[in-house]
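# Structure assessment
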Amino acid sequence: MTSNIDTPSRTTQPPSPPLHLGTPSFAMQFTATPRGARLARRLSAVRLDAWGIPYGTPAHEAVVLITAELTANAVQHGYVSGRDFHLLLRLVERPGTAARVEVTDTRGEKVPPRPGKLIPAGLMEDGRGLLVVEALATRWGWYPRSKAPGKTVWAEYELTGGGAD
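A brief report on the enclosed structure follows. (Residues numbered from 1 in each chain as written. Predicted model: local features only at pLDDT ≥ 70, side-chain atom pairs only at ≥ 80, totals over all residues. Heavy atoms only, no water.)

What follows deals with the packing of helix H1 (residues 34-50) against helix H2 (residues 58-76). Working note: a packed helix pair is described by the angle between its axes plus the distance between those axes. Running from N to C, H1 and H2 cross one another at 155°; their axes reach a closest spacing of 9 Å. Judged by the inter-axis angle, H1 sits roughly antiparallel to H2. In terms of crossing hand, the pair formed by H1 and H2 is right-handed. Seen from H1, the contacting residues are Pro34, Ala37, Ala40, Arg41, Ser44, Ala45, Leu48 and Asp49; seen from H2, they are His60, Val63, Val64, Thr67, Ala68, Thr71, Ala72 and Val75. Class assignment for the residues of the contact of H1 with H2 results in 10 nonpolar, 4 polar and 2 charged. (Axes fitted to C-alpha atoms, helices over the stretch in contact; angles between N-to-C directions. Helix = DSSP H or I, 4+ residues; strand = E, 2+ residues; numbered from the N terminus. Parallel < 35°, antiparallel > 145°, perpendicular 65-115°, else oblique. Left-handed = near helix turned anticlockwise from the far one by under 90°. Contact = heavy atoms within 4.5 Å. Nonpolar A, V, L, I, M, F, W, Y, C, P; charged D, E, K, R; others polar.)

Next up, the structure:
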C-alpha cells in the first residue's frame, strides 16, 4: 500500500449492501498482529465450509487466500498501535452468489492503489498481495470509513452465475 495515491473521498464502490435476514455472514474484530490475521483466515475457512463451500474446492481456496492477503495487509500496512482490524465475510446475492470479504483498519492515510493501477510484481520489493487479490477476485476495491479514520478493502469472488467456479 502507498500513501495518498488517490483522494480518500473517491471510492471504487459504495459501502457494502445492507445485510438481509438469512444472509450468511461472519464478522469479528481481530488484533492487528500476524496471529490475528492467521486466526481470521482460519475462522473464515471454517465458516465457508459450514456454508457449503467445502475445503479443497477452488472457491474455498480462493476466498481463503483473498482473506489471508487482505488481513495480512491490514496488519502490515493498516496497523495503528492499540487498534484492531475488522473482518466481515458474507455471501451476497446478485444475479449469482458471491463471497464478499471486507477488512477494515484504522489507518486512513495509507491507502492501496485503485483496481487496475497495481504495479507489476517484478517491479516492487513487496506488496504482491493485492496482485493476488486482483487475480482471484471477480471485483475488488476500497473505500474510506465513514465515521472514523481508516478504510475498508473489499473483494468479491463469484461463486455462481459469474463463471468463476
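And the narrative resumes.
Within the largest apolar cluster, 34 residues are counted, with the highest numbers of intra-cluster contacts made by Ile66, Leu70, Phe85, Val101, Val133 and Trp140. Contributing elements (two or more residues each) for this core: strand S2 (25-31), H1, H2, strand S3 (84-93), strand S4 (97-105), helix H3 (129-136), strand S6 (139-144) and strand S7 (151-160). No other element matches H2, which puts 8 residues into this core. (Core = buried A, V, L, I, M, F, W, Y, C linked by side-chain atoms within 4.5 Å. Buried < 20%, exposed > 50% of the residue type's maximum accessible area, 1.4 Å probe, protein only.)

Let us look at the packing of aromatic side chains. A complete count under the given rule lists 1 aromatic pair for this structure. An angle of 25° between the planes, with centres 5.6 Å apart, marks the rings of Phe30 and Phe85 as stacked. With Phe30 in strand S2 and Phe85 in strand S3, this pair connects stretches of sequence that are 55 residues apart. (Phe/Tyr/Trp six-rings, centres within 6.5 Å; stacked < 30°, edge-to-face > 60°.)

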